[in-house]
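Each chain is listed here by its residues.
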Amino acid sequence: MGCVVVVGASVGGLLVARALSERFERVVVLDRDRLPVSAEARRGVPQSRQAHVLLAKGGAVLGEMFPGFAAEMVAAGVPVGDAHADCRWYLDGHRMRQAPSPLPCYGVSRPLLEHLVRRRVRALPNVEITDDTEVTGLLHDRRNGGTGRVCGVRVRRGGVDGEIPADLVVDAGGRGSRMPVWLRELGYGEVPSSTVRTGLVYTSRHYRWVPDDAGFAVVMAPYPGMPRTGILVRQDGDRVVLLLAGMLGAEPPMDDAGVRAFAESLPGPEIRDFLRTAEPIDEPVRMRYPSSVRHRYERMTRRPGGFVAVGDALCSFNPIYGQGMTVTALQARLLAGGTDRYFARAARLLAGPWSLATGSDLRFPEVKGRRGLLDRPLHGYLSRLRAAARRDAALGAAFLRVSNMLEDPAHLLTPRIMLRVLRGGR
């Protein structure tokens, strides 16, 4: 095939470029940022200084795309932990029982992951990565009448406007994607969407790593009555990153005294104890994430051919669940198998992680979003599962296989798991 243009050179766009490089003669990746030559945060990825972790499924998909990638991360200083044995999980305030598992998790910072992936993609002979280039619109062909086709992009580079024809345009432009606006301007109407409003605010700060008994990570998840989150993870560069988050107006503070008081309110003592002696190495950074949004391109009554969307441009999740990069990697792998009926196939792929993330958020009565008739009994059952996981390591393992996207959420409703929940609930 001919040429594909990928809009956006973040992790999602780069993975798509790798996936499509075997099907297209030429792959052009465009980004309006000036891309760094090393592992640095950049303006076009405002969340790059926030806490990140690569789930087991995401690590496996990256290993398929780039053989030896896990070893490359480790060589670059990325710590690796056992998601069950080395992490302390607090679910609904209950500390999950730890146990060995085959689930690796990687404490890789977003700038380093993007740098390593970008270096691999740059080495591909038929891929061009062009920075300092803004995509300003779509080229559109209606010669055949009826529904048209996207046939390239309009660009501006150095104040000069131009056009790049393409057989396929991939929108990897993140939450700020202009694709819905461009399609509306071309006469295709609104893109249907689903929204769950949480009013999430989160901050991250890096500290010097000193070996202690906290292990690889501590995760204190929110639950009704406790709209606060605390996550502590080892990262590359001999650092520890602390993420504090609050929903529904429970904003985490930025000053040291406020941070310590916020940590005191969390279910476990680990973050509070860590802050007593922790040495910060940078200033905290804050982000606001008002809602999770899923664009339903598959439901459009009229949609042009010649384009697809991936990553946050297609579906953006509540970031405290850590699904974003893994879901994007799975979408890239989906594209490697072909673009036919991509949006329908991507909708099936997204169904599980979307229900997992939004289902957790919709447990809060104050969160605005569509609820189903079965939500209340399902939430009650999952609350019992979380409580029982403090004693039954098999339930913790089942939860982690789902949250690491190795199993569908329906795995938690199998007879074997339900029986263990009922026994543990007593």
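Counting from 1, residues in each chain are numbered in the order their sequence is written. Two thresholds apply to this predicted model, a pLDDT of at least 70 for residue-level local features and 80 or more for giving and counting side-chain atom pairs, whereas whole-chain, interface and lining totals are computed over all residues. The side-chain quantities take in all heavy atoms of the structure and omit both hydrogens and water.

The name given to the protein chain in an unreviewed UniProt entry is FAD-binding monooxygenase, with the source organism recorded as Actinoplanes couchii.

### Concerning the overall build of the protein chain
Elements are defined by DSSP. Helices are runs of H or I of four residues or more, strands are runs of E of two residues or more, and each kind is numbered from the N terminus. If you tally the helices and strands in the protein chain, you get twelve helices and 18 strands. At 22 Å, the protein chain has a C-alpha radius of gyration in line with the 22 Å of a compact globule built from 426 residues. When the backbone C-alpha atoms are referred to their principal axes, the protein chain occupies close to 65 × 50 × 40 Å. Burial analysis of the protein chain (426 residues in total) assigns 55% to the buried set. Any two residues having at least one pair of non-hydrogen atoms within 4.5 Å are treated as being in contact. Pairs at least 24 apart in sequence give 72% of the contacts found in the protein chain among residues at least 6 apart. Using the Shrake-Rupley algorithm and a 1.4 Å probe, accessible areas are obtained, with residue cover drawn only from the displayed protein chains. Surface exposure of the protein chain reaches about 18600 Å², of which carbon and sulfur atoms provide 51%. What the globule rule says is 2.2 Å times the number of residues to the power 0.38, and the radius of gyration is computed from C-alpha atoms. For every residue, the accessible area (1.4 Å probe, protein chains only) is compared with the maximum for its type, and the residue is labelled buried under 20%, exposed over 50%, or partly exposed between those bounds.

### Here's the deal with the nonpolar core
Throughout, nonpolar core names a set of buried Ala, Val, Leu, Ile, Met, Phe, Trp, Tyr and Cys residues whose side chains join them through atoms within 4.5 Å. Judged by nonpolar contacts, the single largest core of 114 residues is most densely connected at Val153 and Tyr297. Considering every element that reaches this core, the biggest residue donor is helix α1 (residues 11-20), with seven residues. Contact partners of Tyr297, with chain neighbours within four places excluded, come to Met179, Pro180, Leu183, Val191, Arg303, Phe307, Ala309, Ala313, Leu314 and Phe343. In this structure, Val218, Leu242, Val259 and Ile271 belong to the second largest nonpolar core, which totals 16 residues.

### Some remarks on the pairing of strand β9 (residues 149-157)
The side chains of a regular strand alternate between both faces of the sheet. Strand pairing is assigned whenever DSSP identifies at least 2 bridges connecting the two strands. Summarising the sheet, strand β8 (residues 133-141) and β9 pair through eight bridges and their orientation is antiparallel. If you follow His140 over to β9, its bridge partner there is Val150. A loop of two residues connects β9 with strand β10 (residues 160-165), the two strands running antiparallel in sequence, and Gly158 in this loop sits at a positive phi of about 60°.

### Some thoughts on the packing of aromatic side chains
Aromatic rings from Phe, Tyr and Trp, with only the six-membered ring used for Trp, were paired whenever their centres fell within 6.5 Å, and each pair was classed as stacked if the ring planes differed by under 30 degrees, edge-to-face if by over 60, and tilted otherwise. Using the criterion set out here, one finds eight aromatic pairs in the structure. Among the aromatic residues, those joined into a ring-pair cluster are Tyr297, Phe307, Tyr342 and Phe343. Ring-over charges, as used throughout, are those where CZ of Arg or NZ of Lys falls within 6 Å of the ring centre and within 35 degrees of the ring normal. Stacked on the ring of Tyr289, the Lys or Arg Arg175 has its end atom at 4.2 Å from the ring centre. Across from the ring centre of Trp209, 3.8 Å away, lies the NZ or CZ of Arg234, which sits over that ring.

### Digging into a nonpolar patch on the surface
Nonpolar side chains (Val, Leu, Ile, Met, Phe, Trp, Tyr) are joined into patches within 5 Å and like charges within 9 Å, using only residues with over 30% relative accessible area and no salt bridge. Each reported salt bridge corresponds to a side-chain nitrogen of Lys or Arg within 4 Å of a carboxyl oxygen of Asp or Glu. On the surface, Leu378, Leu413 and Met418 cluster together into a nonpolar patch covering about 220 Å² of accessible area. If you trace the backbone, Leu413 turns up in the loop between α11 (393-403) and α12 (415-425).

### Notes on the environment of Met325
By the element assignment, Met325 lies in helix α8 (residues 324-336). Separated by 222 residues in sequence, Met325 and Leu103 have C-alpha atoms that sit 17 Å apart. Residues in contact with Met325, not counting those within four places in the same chain, are His52, Val53, Arg110 and Leu113.

### Quick look at the environment of Gly81
For Gly81, the location among the structural elements is in strand β3 (residues 80-82). A relative accessible area of 4% places Gly81 in the buried class. Sequence separation of Gly81 and Val233 is 152 residues, and the distance between their C-alpha atoms is 9.9 Å. Non-local contacts of Gly81, meaning those with residues more than four positions away in its chain, are made with Asp86, Leu103, Pro104, Cys105 and Phe216.

### With respect to the sheet that holds β9
The strands that make up a sheet are held in pairs by hydrogen bonds between backbone atoms, and each pair lies either parallel or antiparallel. One open sheet accounts for three strands, arranged β8-β9-β10; its pairing is antiparallel. In this open sheet, the two strands that pair with only one neighbour each are β8 and β10. Strand-to-strand twist across the sheet, computed as the mean angle between neighbouring axes with direction ignored, equals 30°. Note on definitions: angles span 0 to 180 degrees between N-to-C directions of axes, and those axes are lines fitted to C-alpha atoms, for helices only across the stretch in contact.

### Some points on unusual backbone geometry
Backbone phi values are negative for most residues with the exception of glycine, while trans is the configuration of most peptide bonds. Unlike most non-glycine residues, Asp92 shows phi in positive territory, near 55°. Counting through the fold element by element, Asp92 comes out in the loop between β4 (87-91) and β5 (94-95). On the accessibility criterion, Asp92 (15% relative accessible area) is buried. Unusually for a residue other than glycine, Met405 sits at a positive phi of about 65°.

### Remarks on the sheet that holds β4
Across the sheet, which stays open at both edges, the eight strands sit in the order β5-β4-β13-β14-β15-β12-β16-β18 with mixed pairing between neighbours. Each edge of the open sheet carries a strand with a single partner, namely β5 and β18 (315-316). The pairing of strand β12 (residues 193-208) with strand β16 (residues 285-295) spans ten bridges and is classified as antiparallel. The partner of Val201 across the bridge, within β16, is Arg288.

### Points about the pattern of salt bridges
Pairs can form between side chains of opposite charge once their charged atoms are near each other. Taken as a whole, this structure holds 28 salt bridges when the rule is applied. For the salt bridge of Arg42 with Glu114, the shortest nitrogen-to-oxygen distance reads 2.7 Å. On the criterion of sequence distance, the pair formed by Arg42 in the loop between β2 (26-30) and α2 (56-65) and Glu114 in helix α4 (residues 110-122) is long-range, its members being 72 residues apart. One exposure class covers both Arg42 and Glu114, and it is buried.

### Thoughts on the packing of α2 against α8
Two elements in contact, α2 and α8, have axes separated by 8 Å at closest approach and are oriented at 35°. The two elements α2 and α8 cross, and the hand of that crossing is left-handed. Contacts between α2 and α8 pair Lys57, Gly58, Val61, Glu64 and Met65 from the former with Thr326, Ala329, Leu330, Ala332 and Arg333 from the latter. Under the scheme applied, nonpolar residues are Ala, Val, Leu, Ile, Met, Phe, Trp, Tyr, Cys and Pro; charged residues are Asp, Glu, Lys and Arg; polar residues are all the others, including Gly. For the contact of α2 with α8, the class distribution of residues is five nonpolar, two polar and three charged. Left-handed describes a crossing whose near helix is turned anticlockwise from the far helix by less than a right angle; the clockwise case is right-handed.

### Details of the side chain of Arg296
Within the secondary structure layout, Arg296 lies in the loop between β16 and β17 (307-309). Residue classification places Arg296 among the buried residues on the basis of a relative accessible area of 11%. Think of a polar contact as two N or O atoms within 3.5 Å of one another; within protein, one of them needs to be a possible hydrogen donor and the other a possible acceptor, and neighboring residues in sequence only count if both atoms come from side chains. For Arg296, the side chain forms a polar contact with the side chain of Ser194, separated by 3.2 Å. Those residues in contact with Arg296 that sit more than four places away from it in its chain are Val191, Pro192, Ser193, Ser194 and Trp354.

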